[in-house]
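# Observations on the three-dimensional arrangement
Each chain, written out:
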Amino acid sequence: MTAKPDLSVVIAGIRMKNPVVLASGTCGYGPEYADLIDFNALGAITIKGLLSEPWMGNPPPRLVETPAGLLNAIGLQNPGVDAFIADYLPMLRRYDLPVIVNIWGRTMQEYGEVAARFNDVEGVHALELNISCPNIKAGGMEFGTDPKVAAEVIGLVRKRTRLPLIPKLSPTVHSIALFARVAEESGADAISLINSVPAMVIDIERRRPVLSNGMGGLTGPAIRPIAVRLVWQASRAVKIPVIGMGGISCGRDALEFIIAGASAVAVGTANFLDPGTALRVVAEIEDYLRRHGLASVRELVGTLQFKQGS
Amino acid sequence: MTAKPDLSVVIAGIRMKNPVVLASGTCGYGPEYADLIDFNALGAITIKGLLSEPWMGNPPPRLVETPAGLLNAIGLQNPGVDAFIADYLPMLRRYDLPVIVNIWGRTMQEYGEVAARFNDVEGVHALELNISCPNIKAGGMEFGTDPKVAAEVIGLVRKRTRLPLIPKLSPTVHSIALFARVAEESGADAISLINSVPAMVIDIERRRPVLSNGMGGLTGPAIRPIAVRLVWQASRAVKIPVIGMGGISCGRDALEFIIAGASAVAVGTANFLDPGTALRVVAEIEDYLRRHGLASVRELVGTLQFKQGS
Amino acid sequence: MRLIEEATIVEHAEFTAGYRRLVFQAPRIAALAAPGQFVHMRIPELSPEALRRPFSIYQSHAPYLHVIYKPVGRGTQAMMHAPPGETYNLIGPLGRGFPVAPDGPPPVFVAGGYGVAPLSFLAERLPRRGVAFIGGRTAQDILCVEDFASRGWDVRVTTEDGSRGERGRVTESFDRWVAARKDAGPAELFACGPEGLMRALGERTATLGWQAWVSLDRPMGCGIGACLACVQHVRDDGGKVAWARCCTEGPVFDAKDLVWDGVAP
Amino acid sequence: MRLIEEATIVEHAEFTAGYRRLVFQAPRIAALAAPGQFVHMRIPELSPEALRRPFSIYQSHAPYLHVIYKPVGRGTQAMMHAPPGETYNLIGPLGRGFPVAPDGPPPVFVAGGYGVAPLSFLAERLPRRGVAFIGGRTAQDILCVEDFASRGWDVRVTTEDGSRGERGRVTESFDRWVAARKDAGPAELFACGPEGLMRALGERTATLGWQAWVSLDRPMGCGIGACLACVQHVRDDGGKVAWARCCTEGPVFDAKDLVWDGVAP
Ligand SMILES: Cc1cc2nc3c(=O)[nH]c(=O)nc-3n(C[C@H](O)[C@H](O)[C@H](O)COP(=O)(O)OP(=O)(O)OC[C@H]3O[C@@H](n4cnc5c(N)ncnc54)[C@H](O)[C@@H]3O)c2cc1C
Ligand SMILES: Cc1cc2nc3c(=O)[nH]c(=O)nc-3n(C[C@H](O)[C@H](O)[C@H](O)COP(=O)(O)OP(=O)(O)OC[C@H]3O[C@@H](n4cnc5c(N)ncnc54)[C@H](O)[C@@H]3O)c2cc1C
Ligand SMILES: Cc1cc2nc3c(=O)[nH]c(=O)nc-3n(C[C@H](O)[C@H](O)[C@H](O)COP(=O)(O)O)c2cc1C
Ligand SMILES: Cc1cc2nc3c(=O)[nH]c(=O)nc-3n(C[C@H](O)[C@H](O)[C@H](O)COP(=O)(O)O)c2cc1C
Ligand code: FES
Ligand code: FES
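Keep in mind the model is a prediction, meaning the values are calculated, not measured.

What counts as what
- Residues numbered from 1 in each chain as written.
- Chains lettered and ligands numbered in written order.
- Predicted model: local features only at pLDDT ≥ 70, side-chain atom pairs only at ≥ 80, totals over all residues.
- Heavy atoms only, no water.
- Helix = DSSP H or I, 4+ residues; strand = E, 2+ residues; numbered from the N terminus.
- Rg over C-alpha atoms; globule rule 2.2 N^0.38 Å.
- Buried < 20%, exposed > 50% of the residue type's maximum accessible area, 1.4 Å probe, protein only.
- Contact = heavy atoms within 4.5 Å.
- Areas by Shrake-Rupley, 256 points an atom, 1.4 Å probe, with all protein chains shown as cover.
- Lys, Arg positive; Asp, Glu negative; His and termini not counted.
- Charge placed at Lys NZ, Arg CZ, Asp CG, Glu CD.
- Core = buried A, V, L, I, M, F, W, Y, C linked by side-chain atoms within 4.5 Å.
- Domains from an automatic or database assignment.
- Buried area = accessible area lost by both parts, 1.4 Å probe.
- Salt bridge = Lys/Arg side-chain N within 4 Å of Asp/Glu carboxyl O.
- Polar contact = N/O pair within 3.5 Å; in protein donor to acceptor, adjacent residues only side chain to side chain.
- Near = heavy atom within 4 Å.
- Nonpolar A, V, L, I, M, F, W, Y, C, P; charged D, E, K, R; others polar.
- Least-squares fit on C-alpha atoms with pLDDT ≥ 70 in both.
- Pairing = 2+ DSSP bridges.
- Axes fitted to C-alpha atoms, helices over the stretch in contact; angles between N-to-C directions.

### Comments concerning the overall build of chain C
When you go through chain C residue by residue, the secondary structure sums to six helices and 16 strands. What you see for chain C is a C-alpha radius of gyration of 18 Å, in line with the 18 Å of a compact globule of 265 residues. Each of the three principal axes of chain C carries a C-alpha extent, and together these read 55 × 45 × 35 Å. Split into buried and exposed, the 265 residues of chain C put 57% on the buried side. If you take every contact in chain C between residues at least 6 apart in sequence, the share linking residues at least 24 apart comes to 63%. For chain C, the accessible area works out to roughly 10500 Å², and carbon and sulfur atoms hold 51% of it. Computing the positive centroid from 29 side-chain charges and the negative centroid from 29, chain C places the two 1 Å apart.

### Focus: the overall build of chain A
Across its full length, chain A carries nine helices and 16 strands. Relative to a compact globule of 310 residues, whose C-alpha radius of gyration would be 19 Å, chain A shows 18 Å and is just as compact. Expressed as lengths along the three principal axes of its C-alpha atoms, the size of chain A is roughly 55 × 50 × 40 Å. Long-range contacts, defined here as pairs at least 24 residues apart, represent 73% of the contacts in chain A between residues at least 6 apart. Of the roughly 9700 Å² of accessible surface on chain A, a fraction of 52% belongs to carbon and sulfur atoms. Looking at charge distribution, chain A has the averaged site of its 30 positive side-chain charges lying 4 Å from that of its 29 negative ones.

### Looking at the nonpolar core
Within the largest apolar cluster, 322 residues are counted, with the highest numbers of intra-cluster contacts made by Phe118(A) and Phe118(B). Here Phe118(A) is in contact with Leu50(A), Val81(A), Phe84(A), Ile85(A), Val101(A), Ile103(A), Val124(A), Leu127(A), Arg162(A) and Leu163(A), once residues within four sequence places are set aside.

### Brief notes about the domain arrangement of chain C
All names here are of chain C. Each assigned domain of chain C is listed here: domain 1 (3-94) and domain 2 (107-217). Placing a centre on the C-alpha atoms of domain 1 and another on those of domain 2 gives a separation of 24 Å. In this complex, domain 1 contributes 17 residues to the contact, which on the side of domain 2 involves 14 residues. Taken over both partners, the interface formed by domain 1 and domain 2 buries close to 1300 Å², and the fraction arising from carbon and sulfur atoms is 60%. Of all residues in domain 1, Tyr19, Pro35 and Tyr58 bury the most surface against domain 2, accounting for 40% of the area lost on that side. Counting across the interface, domain 1 meets domain 2 through one salt bridge. Among the salt bridges present, the one from aspartate 141 reaches lysine 70, with a minimum N-O distance of 3.3 Å. Between domain 1 and domain 2 we count six residue pairs in polar contact (both at pLDDT 80 or more) in total. Listed by contribution, the elements that provide at least two residues to the side of domain 1 that touches domain 2 are strand S1 (3-16) and strand S5 (59-61).

### Let's talk about the site of ligand 3
Residue and element names in this part refer to chain A. The full set close to ligand 3 counts 21 residues, and Ser24, Asn102, Lys168, Gly247 and Thr269 are the nearest of them. Contact distances for ligand 3 include 2.7 Å between an oxygen atom and a side-chain N or O atom of lysine 168. Contact between ligand 3 and glycine 268: an oxygen atom at 3.0 Å from a main-chain N or O atom of the residue. In the shell around ligand 3, the residues fall into five nonpolar, 14 polar and two charged.

### Comments concerning the side chain of Ser215(C)
Residues and elements named next belong to chain C. Structurally, serine 215 can be placed in strand S13 (residues 211-215). Overall, the relative accessible area of 5% leaves serine 215 in the buried class. When neighbours within four sequence positions are excluded, serine 215 is seen to be in contact with Phe98, Ala191, Cys192, Gly193, Met198, Pro251 and Val252.

### Quick look at the interface of chain B and chain D
The partner chain D presents 29 residues to the 27 residues of chain B that form the contact. Of the roughly 2300 Å² buried at the junction of chain B and chain D (both faces included), carbon and sulfur atoms supply 64%. For the chain B face of the interface with chain D, the top three residues by lost area are Glu65(B), Phe272(B) and Leu273(B), together amounting to 28%. At the surface where chain B touches chain D, the tally comes to four salt bridges. Where chain B packs against chain D, one counts eight residue pairs in polar contact (both at pLDDT 80 or more). In terms of residue count, the dominant contributor to the side of chain B that touches chain D is helix H1 (residues 31-34) of chain B (three residues). Considering only residue class, the side of chain B that touches chain D consists of 16 nonpolar, five polar and six charged.

### What to know about the site of ligand 2
Near ligand 2 there are 22 residues, and of these Arg53(D), Pro54(D), Ile68(D), Gly75(D) and Thr76(D) occur at the shortest range. Residues within reach of ligand 2 are spread across chains B and D. Between ligand 2 and the protein, one listed contact pairs an oxygen atom with a side-chain N or O atom of Arg53(D) at 2.7 Å. Here a nitrogen atom of ligand 2 sits 2.9 Å away from a polar atom, N or O, in the main chain of Ser56(D).

### Topic: the relation of the copies chain A and chain B
Mapping between the two copies of the chain is achieved by a rotation about an axis and a shift along the axis. For the pair chain A and chain B, the superposition axis carries a translation of 0.0 Å, the fit reaches an RMSD of 0.0 Å, and the rotation angle comes to 180°. When the rotation and shift are considered jointly, the pair of chain copies conforms to a two-fold rotation axis. Taking C-alpha positions as the reference, the residue of chain A nearest the rotation axis is Ala222(A), at 2.4 Å. Looking at the interface residues of chain A, 100% of them are also at the interface in chain B, so both copies use one shared face.

### Some remarks on the sheet that holds strand S4 (residues 53-56) of chain D
All names here are of chain D. With respect to topology, seven strands assemble into an open sheet ordered S4-S3-S7-S1-S2-S6-S5, the strand pairing being antiparallel. The open sheet has two edge strands with one neighbour each: S4 and strand S5 (59-61). Here the average twist between neighbouring strands, direction ignored, is 35°. Bridging between S5 and strand S6 (residues 64-69) involves three bridges; their strand directions are antiparallel. Residue pairing across strands places histidine 61 opposite tyrosine 64, the latter belonging to S6. Against the sheet, helix H3 (residues 116-125) makes contact with S4, S5 and S6, and its axis sits at roughly 45° relative to S5, the strand it touches most.

### A few points about the environment of Gly85(C)
Residue and element names in this part refer to chain C. You can see glycine 85 is positioned in the loop between helix H2 (74-79) and strand S7 (87-94). As a C-alpha pair, glycine 85 and isoleucine 9 span 76 residues in sequence and 5.3 Å in three-dimensional space. If sequence neighbours within four positions are ignored, glycine 85 has contacts with Thr8 and Ile9.

### Considering the pattern of salt bridges
Residues and elements named next belong to chain A. Here the structure, examined in full by the defined rule, presents 62 salt bridges over all chains. Here glutamate 256 and arginine 224 are joined by a salt bridge, their closest N and O atoms 3.6 Å apart. On the criterion of sequence distance, the pair formed by glutamate 256 in helix H7 (residues 251-260) and arginine 224 in helix H6 (residues 224-237) is long-range, its members being 32 residues apart. Arginine 224 matches glutamate 256 in its accessibility class, with the two residues each being buried. Salt bridges sharing common partners tie together Arg224, Arg252, Asp253 and Glu256.

See the structure below:
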């Protein structure tokens, strides 16, 4: 037996006990999972995407199962920044748990405004900038698939916030390396990827999309190999840390991302199947480090032995 | 009971008994499946990608299973055009089965040369132009992810062949509608999509990609919702017919693509699990048409009731 | 309070033709369960990537927890082969169930298909008796009649094909009964079944001025309020339309709060 | 000839500790099967999207076809629970097996782990007898010794931990035997086991000037030659390196044709 491996990481200035984060939109605003798992044992929590005001999102059906995956079109329903700060943040402050808030806007300006609202709020450790949600037109993917627009919105938010900034990249671009570099150059402290992949399921009897919104975002194990590839390509393109996600449901999955180049990982869809996933992932990473005689998880980041071009 | 529904379709001038095609690379060059299924009952067969000369492809491992999917990096191994014509085509001519030949090149010129080789060959009904293989650098995706390059290669092949031309589009582009239009304007008679999605699986014990090539292409049910979305978006953008594929393993799956806008569908990965898949799909489509009182499968193409923007 | 529990299957057999009953040893969840609540069930026979499936709690006598289901799709068909002794991971009890008040107007139950399960549980806990309308397509879809009859309820069975009880829809039987008792004063409705039925009952009870509790099914992701998949339009105290989560604020709602958009009654 | 057959499981039990045997009623495939060939098996207990898995044919007495497997991963672990009576879809018999010639040099078998299965089948069909080296990590990995012994073979068991037979690697035992029979003239090798072992034996028999047949495992997609997943470098008649498909030109190869790139001996 070797000494207890060091699982701690520092991402965008946030010191985390371990590299395992709950992904935005899959763990609500905090209280939903707080009685089921030990929040003090997580790396961080990422709050579901917030707008400056309450937002209704899409009508149901909002979710359908797919082979090894989940298609959702929640449409960024959220209570708005103020309600989050008033109703949920106090509860989150009680834990020794970094809080990353995912934000979005319908316009460039709104991104900036939402970001600025957190400048004098205690208990928020970083902002994740959702420029890649496939489920609404404004405030979503449109900002994340044109490099110029992405640079502009990240740059603008950078000026308005004192918090570490983590743009969340869209998987539906030809060159993820390009967008990773754009984020880095525009002042990002880290990047996170991937968001869900635009997709559709059709009810053949009714000849309509199953989801009211038509399209949705595909997540879960089905997309993991795509996500690992993108994280590998993105992390090689930049010096800032990468938070990797997409289909992680066990330590092995998380380690794929870490070896590919992610400094931290997030667990999303798997929370629905097993609320204990993130903590199991932590334990399984620790076990792996021990078995491989590694003193710290940081030694493992980006150690993929493979050279060929991206 | 209504009369027997009409399953026949005409795609790019090829008359098919039914809209179900075997996908390139998943049914070899013909003989591999000929003793297991009735070739006369298929819509068409698509031959694995051919180059002007024999090509070795990638070293093994070339394939790994993923959740509800398959990652492959065959690397377009093929015996070359001449060997195909001499060794395999005579056997294929014995069937009442349209033969689509998938071709690729390492350079723009080579695409043209390969295409031209089929001008006086009997028994080849169309060319599928692979500008979207993720598994080799030259001759693959690079041609399919820049609209200008795509237009040029399609235009060039258009000039060199008398056969119907079916460019196969890459899924890793931001706007599939753009590429569909580029194909149409460059002289394509139909388009096919999707090719496999670039992805990676890592062996965490060895800290290497499982596939020798590093990346591979993800196929199978995992990607079906992504493929349905892309076929829907592409088919709305053009007038030429679309051959849809990606994760089809039963009639229901195929009908999703047809309702989304595909005039024909191709079965790929599912052939490995059940060589009888394509014929089962034909029977299940027929059954659906009967149940819904539709006289022809053509009445169903693109009947998705949904308006919202792409 | 909600728990995650590894529950052992102690019994699993046909309940009535077309339906099956699963009995779990789930002492912690069973101790907390209330009528109208559900468990979110991981089905190990499905692929490890599959979503959980929600099921109403049919009976709960700690340590035993019963569920009735109809094999209809991938999940419920996979469940069919679960042998006693196997463990299923359950999250529960979830959601807001039916109110169980000692007094109140005479209770009227309306159930469609497996919707009868939570009402049977409610009949056991509710210290009042009344009329139970049980409807289904055919005789096969009529379950649990004895659970009510044996407790002294007036049970009215309807099937669409007339193979058991009255022929027709359960709403027709309900309407006739309501018409007959015209001046008897308001009753209190408790209902569970297909969404169209819930809406039809909501509209009728609004007209009648009854208190009405209806339970809604929705495709669910997390089952615990985090994913926002299972929403339903409701009118809040200020009359504003807002979303409620069927897994958390529901599945049982006060019918007068519900806003029905796009549901055919 | 290859067939697709719905095969009924007639027996399924532990074979030796850590290994299991599946016996199918598969009359059409069993009638055609030859030693060294395999079946490509769809495992219904896995998700419907999972690939088939290849398994060597251990015994084939039409209508019965036997397979021995070790539960190691997702597929083989799911198989463990398949009850007799269930049907599995098989494609087979696939690939080129071992040559079964009535005469020739004395046969020498070398097996690692479950690689002994096709060699046992071969011992039944080959009208010659010789020496069988059976190696494994521990006593648990030594299978089928009786199949050879009862047919009059000279069986030499080796385990890495010495828990059965000689301690060491099967190649060491083989080397000692070869050294001892120095001037006895060439023998003919038939081997199946891990790739490193196959390579080591290929090199030894090349030096010795023996005819050698080795069977290779490869991750497989189609199993029937269509996907080109299972390739192995071989030297063709003109000495040029080309790909052979383990599922079609193999799994059994003439060792001298094989080009080993990247396989540690
Ligand atoms: C609160 C509640 C209580 C219920 N109680 C019972 C009960 O007591 N007995 C009973 O038999 N059934 C009950 N159900 C319904 C039960 O959950 C469904 O029958 C079951 O989900 C069907 O699953 P399946 O895998 O067999 O079908 P599937 O084949 O998976 O589903 C059939 C269809 O429903 C969709 N679907 C099913 N489940 C989900 C999901 N979780 N998320 C998204 N889409 C989904 C599928 O996409 C498909 O279109 C209840 C549902 C809810 C919400
Ligand atoms: C010709 C041949 C004969 C064989 N005979 C036997 C036998 O007689 N007895 C026996 O026990 N085993 C035999 N095997 C091996 C057997 O097929 C594997 O044990 C089995 O595939 C492991 O499957 P699993 O699902 O348990 O493991 P998995 O968990 O699926 O696989 C373990 C590892 O192998 C990889 N893998 C497994 N199967 C495939 C595949 N089809 N395609 C791609 N990757 C794959 C996985 O990616 C994983 O890394 C044979 C293999 C071949 C090629
Ligand atoms: C129901 C649901 C809601 C989500 N909501 C958001 C969101 O509000 N903002 C965001 O950036 N990502 C959102 N995501 C994406 C996840 O944060 C994550 O990027 C994605 O699910 C991939 O990880 P997974 O495969 O582990 O789920 C959501 C995902 C799901 C499944
Ligand atoms: C093993 C394998 C080899 C393939 N080879 C080719 C090829 O040579 N040319 C090509 O255009 N597509 C090739 N494809 C892609 C398929 O034709 C198809 O586009 C893809 O597999 C999606 O369909 P599926 O999910 O039904 O398999 C290959 C796919 C697989 C799995
Ligand atoms: S199912 Fe996730 S919020 Fe209700
Ligand atoms: S497994 Fe497909 S060619 Fe061998």
